[in-house]
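What the coordinates show
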Amino acid sequence: MDAQQLKGHLDLLLLASLEHGSRYGGQIIADVQAATGGYFHLREGTLYPALHRLEKAGWIAGEFQVLPRGGSPVKVYTLTPGGQEELKAQRERYERFNSAVRGIIGGRMVRGQA
Amino acid sequence: MKVLRPNATEQYIRQATRGLSGQARRDAQTELRGAIEDKIWRFTLLGLDAGAAQSAALRDLGSPHAVAQGLTRVHTLPKAALGAVLAGVACLLGVQALAAVPVVRAGSNPQLRRCTFDDAYLSSFPEGAPSSLRAKLAEAGGRALLEAKCRNFWAEAPAPANQYLRLSDVVQALKLAQVQVDPETVSQGILSLTFPGQSYSRPLDVSSSKIRIEDEDYVGVVELLQNLRFNTDLPLRLIGQVNPVLEVGPARLQLGTAEYPVDVINIYSEILVGVLGNEILNSQIGNHIGWESNPSAQPSVQRTDTSLEDGLYVSLSNELFIRPTEAVAISGPYYLERTGVMRSGTVPLSDPAVQIAVVDTSDQLSAATSQKKMAVLVYKLDTSDLRNLKLTPVPASQIKVLPAR
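The shown structure was predicted, so the numbers you read here are calculated from the model rather than taken from an experiment.

On any regular strand, side chains alternate: one points to one face of the sheet, the next to the other face. All names here are of chain A. With five of its six residues buried, strand S3 (residues 74-79) lies for the most part within the structure. Of the strand pairs in this sheet, strand S1 (residues 23-24) and S3 are connected by two bridges, and their pairing is antiparallel. In the sheet register, Arg-23 faces S3, and the bridge partner there is Tyr-77. Of the strand pairs in this sheet, strand S2 (residues 60-65) and S3 are connected by six bridges, and their pairing is antiparallel. Paired with Ile-60 across the bridge in S3 is Leu-79.

Structure follows, in structure tokens:
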């Protein structure tokens, strides 16, 4: 896993992981690992600063809750309306970037060549 | 059966939130506590007993100092109560106007060495400050004594690396090179730059590293360089060791001053953690690398082959696995990466007091760790192009570790 690759898309990844419901840190790590077949292995040292950053930006909101199994409370994050907008915008940017790259590596001819 | 050591988790949490204070610290500690418990619970689901699950969880989290760095960068710090104004600031500005290369002032994170035992500090303990601490502070002159002890401790500790650059100086230096800087996003820590001859601007987002030092915005030098390395195609070089000159396309910036010097060794050390992590395919090693600021300057490794040139070298050692320090015994060990300059054939790359064997590959390093043998792997570092840092392994036959003193 290229750490820099992940860093560039970490926000999008985290916002998307909250799209269908609230999650706490440990669940997000497990979800990301499962959904990417182990390709992205999120470390806590990367995850929590990123979640705090997204919370400061107002895109996610965190709240402490006690799980059914008991024990210390975990901080559960939810996507805010602003966060849903941001997810949409980032997804669009990512799709545009993706199709631009596909346009080149897909073998299309460069303008000006025969 | 091994039992849980509640202190091990709490100590980890305390160290991992060291850069924070007040409510931010309390919340981060509560969150980490829940996260660590959850991790331990998930390990027990895999069949580990409580004690083994706790060890595995803390080990997997990695260095608490790395976590603290990440968390500290995100949270805006309160005004640093440093008191003294930088001496000679006016003089510095005068020099800046005359110097050929604009100077960018540097500093270190003030939160790392706070010695103020006030109410804000006391309330940052999640379960309240220890009664022994409260008792000492209640004594006449107790607080002054504790703060003096604290300052003495930090006075003897290695100086913190000055890894933060004054944002306004960075902007000024770029403008002097005719780089356009969008003023609207600067205060957020986002530099939208248009270099001469180019029609578009590249946003460099270093906002996550923005901190306040004495009422001024500073940003992380490593974050800035990583952004430049990965988000631009400008030629990028660092020239010199102390207060190096950064060349970014046509722009030149001298990083650091005599008062708060920047050592390029600390910059490379921090960047190389990521580079080495990607290079080394053995994830046992790759995922557990850490560095120390301002390591010993005493030469400890010597070339036995004269074809090996002077210059920058990097070592990766397993000493913290074999002889853990107090802090490492709690958080779990990591492979210690050091960067050093070879001059006349010798370079400081290991603890001079320790006898350690040189190995050729990361697999040999990993094997040595399993056999509880001290071992070190050495690389030659090519920094002629910062966008393409090259690490070349040095065969063990070409170097030797000097006898321990």
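More follows now that the structure is in view.
This paragraph deals with the interface of chain A and chain B. Across the boundary between the two partners, chain A contributes 25 residues, which contact 27 residues of chain B. Summing both sides of the interface, chain A and chain B together bury roughly 2,200 Å²; the carbon and sulfur share of this comes to 53%. The tally of links from chain A across to chain B stands at two salt bridges. In this structure, Arg-69 of chain A engages Asp-38 of chain B in a salt bridge whose closest nitrogen and oxygen atoms are separated by 2.5 Å. Counting across the chain A and chain B interface gives eight residue pairs in polar contact (both at pLDDT 80 or more). Residue assignment for the side of chain A that touches chain B shows that the elements contributing at least two residues are helix H1 (3-17), helix H2 (25-35), helix H3 (44-56) and S3 of chain A. Grouping the amino acids of the side of chain A that touches chain B by side-chain chemistry returns eleven nonpolar, seven polar and seven charged.

Residues and elements named next belong to chain B. As a packed pair, helix H2 (residues 22-45) and helix H3 (residues 50-61) sit with axes 8 Å apart at the nearest point and diverge in direction by 125°. Relative to H3, the element H2 lies oblique. With respect to the hand of their crossing, H2 and H3 are arranged in right-handed fashion. From H2, Ile-36, Lys-39, Ile-40, Phe-43 and Thr-44 reach across to H3, where they touch Ala-50, Ala-53, Gln-54, Ala-56, Ala-57, Leu-58, Asp-60 and Leu-61. Grouping the amino acids of the contact of H2 with H3 by side-chain chemistry returns nine nonpolar, two polar and two charged.

Right, let's get into the nonpolar core. Where a protein is soluble and globular, its nonpolar side chains tend to be buried together. Judged by nonpolar contacts, the single largest core of 58 residues is most densely connected at Leu-191, Leu-246 and Leu-255 of chain B. When sequence neighbours within four positions are dropped, the list of residues in contact with Leu-191 of chain B reads Leu-167, Val-170, Val-171, Val-181, Val-186, Arg-202, Pro-203, Leu-204 and Leu-224 of chain B. The next biggest cluster of nonpolar side chains, apart from the first, holds 38 residues, and it includes Val-32 and Leu-54 of chain A together with Leu-20 and Leu-32 of chain B.

All names here are of chain B. For Glu-214, which is not glycine, the phi torsion reads 50° and is therefore positive. For Glu-214, the location among the structural elements is in the loop between strand S7 (211-213) and strand S8 (216-220). Accessibility expressed as a relative area gives 31% for Glu-214, which makes it partly exposed. Here the phi dihedral of Ser-344 falls at roughly 50°; this positive angle occurs in a residue that is not glycine. By the secondary structure assignment, Ser-344 is in the loop between strand S15 (335-342) and strand S16 (346-347). Residue class for Ser-344 comes out exposed when judged on its relative accessible area of 66%.

Take the sheet that holds strand S4 (residues 180-181) of chain B next. Residue and element names in this part refer to chain B. One open sheet holds the three strands; their spatial order is S4-S5-S6, and the pairing between them is antiparallel. Each edge of the open sheet carries a strand with a single partner, namely S4 and strand S6 (202-205). Summarising the sheet, S4 and strand S5 (residues 190-194) pair through two bridges and their orientation is antiparallel. Among the inter-strand pairings, Val-181 is bridged to a residue of S5, identified as Leu-193. The sheet contacts of helix H11 (residues 221-231) involve S5 and S6, and relative to S6 the element is tilted by about 145°.

This brings us to the packing of aromatic side chains. Residue and element names in this part refer to chain B. One pass over the full model with this rule turns up one aromatic pair over all chains. When the centroid spacing of 4.6 Å and the interplanar angle of 45° are considered together, the rings of Phe-321 and Tyr-335 count as tilted. Of this pair, Phe-321 sits in helix H14 (residues 319-322) while Tyr-335 is found in strand S15, placing the two residues 14 residues apart along the sequence. When the ring centre of Tyr-313 is taken as origin, the NZ or CZ atom of Lys-380, which lies over that ring, is 5.1 Å away.

Residues and elements named next belong to chain B. With respect to topology, four strands assemble into an open sheet ordered S1-S11-S10-S9, the strand pairing being mixed. The sheet is open, and its two edges are formed by strand S1 (103-104) and strand S9 (236-239), each paired on a single side. Sheet strands in contact with H11 are S9, strand S10 (245-248) and strand S11 (251-255), and its direction is about 145° off that of S9.

Further remarks concern the packing of H3 of chain A against H2 of chain B. Interaxial distance between H3 of chain A and H2 of chain B falls to 12 Å at its minimum, and their mutual angle equals 140°. By the angle between their directions, the pair H3 of chain A and H2 of chain B is classed as oblique. Regarding H3 of chain A and H2 of chain B, the two cross each other, and that crossing is right-handed. In this structure, H3 of chain A contributes Glu-44, Tyr-48 and His-52 of chain A to the contact, and H2 of chain B contributes Ala-28, Glu-31, Ala-35 and Lys-39 of chain B. Tallied by class, residues from the contact of H3 of chain A with H2 of chain B come to three nonpolar, one polar and three charged.

Attention now goes to the environment of Leu-402 of chain B. Residue and element names in this part refer to chain B. Among the secondary structure elements, Leu-402 is positioned in the segment after strand S20 (399-401). Considering only alpha carbons, one finds Leu-402 and Ser-300, 102 residues apart in sequence, at a separation of 5.3 Å. Contact partners of Leu-402, with chain neighbours within four places excluded, come to Pro-299, Ser-300, Val-301, Gln-302 and Gln-355.

Procedures and definitions
- Residues numbered from 1 in each chain as written.
- Chains lettered and ligands numbered in written order.
- Predicted model: local features only at pLDDT ≥ 70, side-chain atom pairs only at ≥ 80, totals over all residues.
- Heavy atoms only, no water.
- Buried < 20%, exposed > 50% of the residue type's maximum accessible area, 1.4 Å probe, protein only.
- Helix = DSSP H or I, 4+ residues; strand = E, 2+ residues; numbered from the N terminus.
- Pairing = 2+ DSSP bridges.
- Contact = heavy atoms within 4.5 Å.
- Buried area = accessible area lost by both parts, 1.4 Å probe.
- Salt bridge = Lys/Arg side-chain N within 4 Å of Asp/Glu carboxyl O.
- Polar contact = N/O pair within 3.5 Å; in protein donor to acceptor, adjacent residues only side chain to side chain.
- Nonpolar A, V, L, I, M, F, W, Y, C, P; charged D, E, K, R; others polar.
- Axes fitted to C-alpha atoms, helices over the stretch in contact; angles between N-to-C directions.
- Parallel < 35°, antiparallel > 145°, perpendicular 65-115°, else oblique.
- Left-handed = near helix turned anticlockwise from the far one by under 90°.
- Core = buried A, V, L, I, M, F, W, Y, C linked by side-chain atoms within 4.5 Å.
- Phe/Tyr/Trp six-rings, centres within 6.5 Å; stacked < 30°, edge-to-face > 60°.
- Lys NZ or Arg CZ within 6 Å of the ring centre and 35° of its normal.

Keep in mind these values describe shape, not function.
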